[in-house]
Amino acid sequence: MRACEVHFDLDTRCNYRCVYCPNFDSPDAPKGPLSLAGFGRAMACLSRICWHVFLSCAGEPLLHPDLRDMLASVHKRLGHTDTTLVTNGYLLDHARRDLVLSSGLSRLLVSIDSVDPERYRSLCGTGPDALARVTSNVERLIQERGRRRWPKVTVAAIAMRSTLPGLAAVAQWACDAGLDGMRVQWLAPCGRPGMGAEVVGGDSPETRDALRRVRQTLRSRGLHFDCPSDSGRAKARSVLAGAALMRNPVEYLVFSARMFLRSRRPRPCRMAGLSLTMLPDYSLHLCPQSVGAVGDASADPAPLLAARIRAGTRALRRQAATECRECRFRTL
Ligand code: SF4
C-alpha cells in the first residue's frame, strides 16, 4: 500500500496576488514552469510511492506553457493514483477545460474564498470581473463533464475573519453550480502585514456558527464537506464521506488514520514521511517545509526513495530538524 502523498507545483508563477499567499512577493521562491524533461520519469516514480499527487500548491498550474503534454504524462503515469489540481479557475477556458476533462485527474479544487465580487477582488488582487469569469468557467466545466465520473470538482475556501460571514454563500453557489463538495481550510500564518488579525480560532462561536451553516447548506444538497478540524466526530464523518470522492478510497482512509494517529503523537509532526514535497529540480523532501531531501524523483529508483523516506522519518523522530522549531505543523 502506498503510504505518502506529495505536493509540487506544475508552475510556481501565479496570475493572482492573494493577500494571504506567502509566495508571490518572496524573492527566494523559484518562479517558472516545471520542466518537461524528467517529468514522465518522476511521475512514474511517484506513482509507486504515493497514493495521492497534488499537481499544484502555491502556483497557478494552468499557466504552464506545456500543460497539454504535462497532463498527458500525468494521465499515462498516474492512472491509478489520485491526482488533484488546485487552480484559481481564471484561465479555465474552453481549451483548458477540455484538457482537464480528458486528463484523468481525479479532483479539481477551485479556490474561491468569497462569492462577493468586491471581497473576492480585494482578497485576490484581481480586476472587477474576475469572480464572474471564474464562476462561469467552473459552471461550464460541470456542464461539459456531463455524466463522466472524474474529475470530482470541489471549491476550496480559506476560513479567516473576513471570509467567515460569506462561507455559507460560497457553499450555496457550489450547490447551485452542481459541484461535488467544498473544502474549508484554516488560514496559515504567512507573516504578511495585517494577516495576523485574520486568523480565526476553530473554537470561537463565530467560526463554529459559520461552519455549521456551511455544513447545513452542503448537506441539504448532498455535497461533501471537507471540514478544517483535525479531529472529532465532524472530521471523522468528513473523512469517511470523502472516500467516495477518491479513486483509492482504502489508501485514503489508511492515510487519514495515520495522520490522525500522528497528530496525537507529534514527533516531529504529523506530516514528515507522509506528506512529501517535490521541488522544481525534482528533489523529493520529507515534509511540506522541504526538510530532509531523500533523492531525485526523476532519477532515483522508487524502492530506494521509499527506504530513504522511512529512514529519514525515523531520524526526524529521534532528532527534529532546525526548521521544525518554528514550524506550524509541529503545533497542530
Ligand atoms: S519542518 Fe519539521 S515539524 Fe515542520 S513539517 Fe517538516 S518535519 Fe514537520
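Residues numbered from 1 in each chain as written. Predicted model: local features only at pLDDT ≥ 70, side-chain atom pairs only at ≥ 80, totals over all residues.

A. View of the site of the ligand. In the neighbourhood of the ligand, 16 residues make up the surrounding shell, with C269, A272, C287, C324 and C327 lying closest. Along the lines of polarity and charge, the residues of the shell around the ligand split into 13 nonpolar, one polar and two charged. (Near = placed C-beta within 6 Å. Nonpolar A, V, L, I, M, F, W, Y, C, P; charged D, E, K, R; others polar.)

B. Structural detail: the packing of helix α3 (residues 94-101) against helix α5 (residues 130-145). Between α3 and α5, the shortest axis-to-axis distance is 10 Å and the interhelical angle comes to 45 degrees. Of the possible angle classes, the one that applies to α3 and α5 is oblique. Seen from above, α3 lies across α5 with right-handed handedness. Contacts from R97, V100 and L101 of α3 reach α5 at R140, L141, E144 and R145. Residue classes in the contact of α3 with α5 are distributed as three nonpolar, no polar and four charged. (Axes fitted to C-alpha atoms, helices over the stretch in contact; angles between N-to-C directions. Helix = DSSP H or I, 4+ residues; strand = E, 2+ residues; numbered from the N terminus. Parallel < 35°, antiparallel > 145°, perpendicular 65-115°, else oblique. Left-handed = near helix turned anticlockwise from the far one by under 90°. Contact = placed C-beta atoms within 7 Å.)

C. Quick peek at helix α4 (residues 117-124). All of the buried residues in α4 are Y120, L123 and C124. Mapping the buried residues of α4 onto a view down its axis gives an arc of 80 degrees, with all of them on the same face. Turning to α4, the residues buried within the fold contact α5. Positive backbone phi, at 65 degrees, marks G125, one or two positions downstream of α4. (Buried ≥ 20, exposed ≤ 12 C-beta atoms within 10 Å, placed from the backbone. Arc of directions from axis to C-beta.)

D. Just the domain arrangement of the chain, in detail. Its domain assignment divides the chain into domain 1 (7-246) and domain 2 (265-325). The C-alpha centroid of domain 2 is placed 24 Å from the C-alpha centroid of domain 1. With twelve residues of domain 1 in contact, the opposing surface of domain 2 contributes ten residues. The leading source of residues in the side of domain 1 that touches domain 2 is helix α1 (residues 39-49), at six residues. Of the residues assigned to the side of domain 1 that touches domain 2, the class counts are seven nonpolar, three polar and two charged. (Domains from an automatic or database assignment.)

E. Highlighting the pairing of strand β4 (residues 107-111). Among the five residues in β4, five count as buried, and that is most of the element. Of the two faces of β4, both are covered, the one formed by R107, L109 and S111 as well as the one formed by L108 and V110. Here four bridges tie strand β3 (residues 82-87) to β4, and the two strands are oriented parallel to one another. Bridging across to β4, V86 finds its partner in L109. (Pairing = 2+ DSSP bridges.)

F. Looking closely at the packing of helix α6 (residues 167-177) against helix α7 (residues 205-220). Interhelical geometry of α6 versus α7 gives an angle of 10 degrees and a closest axis separation of 8 Å. The angle between the axes of α6 and α7 places the two elements in the roughly parallel class. The crossing of α6 and α7 is right-handed. Only A210, R213, V214, T217 and L218 of α7 make contact with α6, whose side of the interface consists of L167, A168, A171, Q172 and C175. Within the contact of α6 with α7, the residues separate by chemical class into seven nonpolar, two polar and one charged.

G. Summary view of α1. Along α1, the residues classified as buried are F39, A42, M43, C45, L46, S47 and I49. Structurally, α1 contributes buried residues whose contacts are with β1 (4-7), β2 (50-54), α2 (67-77) and α10 (302-318).

H. The sheet that holds β1, seen in detail. Spatial ordering of the open sheet is given by β7-β6-β5-β4-β3-β2-β1-β8-β9-β10, a layout of ten strands whose pairing is mixed. Every interior strand has two partners, whereas the edge strands, β7 (224-226) and β10 (293-296), have only one. Sheet twist, expressed as the average angle between the axes of neighbouring strands with direction ignored, equals 25 degrees.

I. Structural detail: the pairing of strand β8 (residues 275-278). The side-chain alternation of β8 yields two buried faces, one formed by S275 and T277 and the other by L276 and M278. Sheet topology places β1 next to β8; three bridges connect them, and they run parallel. Among the inter-strand pairings, V6 is bridged to a residue of β8, identified as L276. Inspection of the sheet shows β8 paired to strand β9 (residues 283-285) by two bridges, in the antiparallel sense.

J. Molecular detail of unusual backbone geometry. With omega at -5 degrees, the peptide bond leading from W150 into P151 counts as cis. Within the chain, Y282 stands out as a residue other than glycine whose phi angle is a positive 70 degrees. Within the secondary structure, Y282 sits in the loop between β8 and β9. The backbone phi angle of S290 is positive, close to 60 degrees, even though this residue is not glycine. Assignment of secondary structure puts S290 in the loop between β9 and β10. On the neighbour-count criterion, S290 (15 C-beta atoms within 10 Å) is partly exposed.

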